[in-house]
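Chain by chain, the residues:
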Amino acid sequence: MPELPEVEIVSRGLDEAFVGHRLTGVIRRFGQLRWPIPENLQSAILGPGPAAGAGILRSVQRRSKYLLLAFDTGTLLIHLGMSGTLRRLPAGTATRAHDHVDFVFGEQVLRFNDPRRFGAVLWCAGSAGAVGSHALLRRLGVEPFSDAFTGRLMYEATRRRKVSIKQALLSGAIVVGVGNIYASESLFRAGIRPTIAAGRISRPRYDRLVVAVRETLAEAIAAGGSSLRDFVASTGESGYFQLQCFVYGREGRPCRVCGTTVRAIRQQQRATFYCATCQR
Ligand SMILES: [Zn+2]
């Protein structure tokens with residue numbers, strides 16, 4: 001499943017390849033993803049009449065794991081779901097199974113493929129207001145690289161919360177993009193036991209956790225940069241790039257820092273890995 005670092009890489013790839021280019025058509029093959037792909041997508045993007053900026057992709061941004069492609073008429077929301085990929089191809093390239101939609105930009109095509117169909121391609125018309133107020137976006141937690149993500153925020157949002165810190169990170173309600181591997185790795189770096197109630201963690205420890213989350217995600221993004229070529233996204237499976245894990249997936253092996261055997265437990269049906277010596 002594509003995680004935040006992978007979506008960030010896709011976002012940068014789209015920015016490089018397509019921003020400033022003019023969309024000339026949309027080819028919709030199979031409309032049913034998590035929600036139906038709008039049938040009128042091409043006319044929605046291009047607008048009602050001839051306009052100088054019609055179809056020009058103005059910017060690409062990422063919000064959580066949503067890609068936001070801004071045109072003068074509104075914003076295209078794309079989510080890769082469990083198995084979605086976006087590829088940049090020469091126009092006219094033969095399709096394969098699960099190629100759901102093409103965004104044609106003259107000589108090149110942005111093609112969305114999704115075998116499991118949990119992805120989404122949606123349109124948010126500019127007339128409907130700021131894209132951030134869209135139902136899918138408005139309740140998301142803060143971005144991990146934004147100034148809003150602070151130890152103080154984590155501390156204040158978790159007072160009297162009995163939920164474990166691992167769950168608090170994974171929920172996305174406070175901060176987005178800390179998937180299962182990144183939660184285990186960030187908590188290791190911050191020296192925090194994943195099972196501790198979020199409400200019992202001190203402010204200084206949350207300050208360290210914020211730094212650890214940013215470092216972990218930044219390393220994954222840096223590792224993923226090399227996977228970007230003709231494929232705007234790598235295959236969904238590659239997921240976590242080549243992150244050098246301290247604890248994730250290392251059950252029974254010695255901690256890289258202290259040598260204690262790394263433990264694995266289940267929290268809410270998800271695997272958690274930690275070192276009982278380094279993490280308290
Ligand atoms: Zn250790």
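Scroll up a little and you will see the structure.
Rules of the game
- Residues numbered from 1 in each chain as written.
- Predicted model: local features only at pLDDT ≥ 70, side-chain atom pairs only at ≥ 80, totals over all residues.
- Heavy atoms only, no water.
- Donors = N, O, S within 2.8 Å, 3.2 Å for Na, K, Ca; no water.
- Tetrahedral: all angles 85-135°; square planar, octahedral: opposite > 155°, others 65-115°.
- Buried < 20%, exposed > 50% of the residue type's maximum accessible area, 1.4 Å probe, protein only.
- Helix = DSSP H or I, 4+ residues; strand = E, 2+ residues; numbered from the N terminus.
- Polar contact = N/O pair within 3.5 Å; in protein donor to acceptor, adjacent residues only side chain to side chain.
- Contact = heavy atoms within 4.5 Å.
- Core = buried A, V, L, I, M, F, W, Y, C linked by side-chain atoms within 4.5 Å.
- Pairing = 2+ DSSP bridges.
- Axes fitted to C-alpha atoms, helices over the stretch in contact; angles between N-to-C directions.
- Phe/Tyr/Trp six-rings, centres within 6.5 Å; stacked < 30°, edge-to-face > 60°.
- Lys NZ or Arg CZ within 6 Å of the ring centre and 35° of its normal.
- Expected span 1.5 Å × (residues − 1).
- Salt bridge = Lys/Arg side-chain N within 4 Å of Asp/Glu carboxyl O.

Right, let's get into the coordination of the zinc ion. Around the zinc ion, the donor atoms from the protein are Cys 255 (SG), Cys 258 (SG), Cys 275 (SG) and Cys 278 (SG), and they sit 2.2 to 2.4 Å away. Every donor counted, the four donor atoms about the zinc ion form angles of 97 to 114 degrees at the centre, which fits tetrahedral coordination. Sequence spacing among the residues donating to the zinc ion works out to C-x2-C-x16-C-x2-C. Judged by its relative accessible area of 0%, Cys 275 is buried.

Structurally, Ser 186 can be placed in helix H5 (residues 180–190). Residue Ser 186 is classed as buried on the basis of its relative accessible area of 0%. Among the polar contacts listed, one links the side chain of Ser 186 to the side chain of Thr 216, at a separation of 3.5 Å. Those residues in contact with Ser 186 that lie beyond four places of it in its chain are Leu 209, Ala 212, Val 213 and Thr 216.

A few words on the nonpolar core. Counting residues in each nonpolar core, the largest one holds 28 residues, and the members touching the most others are Leu 69 and Phe 103. Listed by contribution, the elements that provide at least two residues to this core are helix H1 (4–18), helix H2 (41–46), strand E3 (66–71), strand E4 (74–79), strand E6 (99–105), strand E7 (108–113) and strand E8 (120–125). Broken down by element, the residue count for this core peaks at five residues, all from H1. Counting 26 residues, the second-largest nonpolar core is a separate cluster that includes Val 178, Ile 181, Ile 196 and Leu 243.

Below, the discussion takes up unusual backbone geometry. Positive phi values are uncommon outside glycine, yet His 98 reaches one of about 70 degrees. By the element assignment, His 98 lies in the loop between strand E5 (85–90) and E6.

Side chains Val 60 and Arg 62 of strand E2 (residues 59–63) all project onto a buried face; the interleaved residues Ser 59, Gln 61 and Arg 63 project onto a face where none is buried. With five bridges joining them, E2 and E3 adopt antiparallel strand pairing. Paired with Val 60 across the strands is Leu 69, a residue of E3. Two successive antiparallel strands, E2 and E3, enclose a turn made up of two residues, where Ser 64 displays a positive phi of approximately 55 degrees.

Take the sheet that holds strand E1 (residues 25–28) next. One open sheet accounts for four strands, arranged E1-E6-E7-E5; its pairing is antiparallel. The open sheet terminates on both sides in strands that have one partner only, identified here as E1 and E5. Going across the sheet, the axis of each strand differs from the next one's by a mean of 20 degrees, ignoring polarity. Inspection of the sheet shows E6 paired to E7 by six bridges, in the antiparallel sense. Paired with Phe 105 across the bridge in E7 is Gln 108. Against the sheet, H1 touches E5, E6 and E7, its axis set at about 155 degrees to E7.

Under the defined criterion, the tally for this structure stands at four aromatic pairs. Aromatic pair Tyr 248 and Phe 273: ring centres 4.9 Å apart, planes at 65 degrees, arrangement edge-to-face. Here Tyr 248 is found in the loop between helix H6 (203–224) and strand E9 (263–267), whereas its partner Phe 273 is found in strand E10 (residues 270–274), with 25 residues between them in sequence. When the ring centre of Tyr 155 is taken as origin, the NZ or CZ atom of Arg 159, which lies over that ring, is 3.7 Å away.

Between its first and last C-alpha atoms H1 spans 21 Å; for 15 residues at 1.5 Å apiece the expected length is 21 Å, and the two agree. Summarising burial for H1: 12 of the 15 residues are buried, a large majority. Listing the buried residues of H1 in full gives Leu 4, Pro 5, Glu 6, Val 7, Glu 8, Ile 9, Val 10, Ser 11, Gly 13, Leu 14, Ala 17 and Phe 18. Looking one or two residues beyond H1, the residue adopting positive phi is Gly 20, at roughly 90 degrees.

Taken as a whole and judged by the stated rule, the model has 14 salt bridges. When the shortest N-O distance is used, the salt bridge between Arg 111 and Asp 99 registers 3.9 Å. Of this pair, Arg 111 sits in strand E7 while Asp 99 sits in strand E6, and the two are 12 residues apart along the sequence. Residue Asp 99 is classed as buried on the basis of its relative accessible area of 0%. A salt bridge links Asp 207 to Arg 203; the shortest N-O distance between them is 3.4 Å. Within this pair, Asp 207 and its partner Arg 203 are both found in helix H6, separated by four residues, close to a single helical turn.

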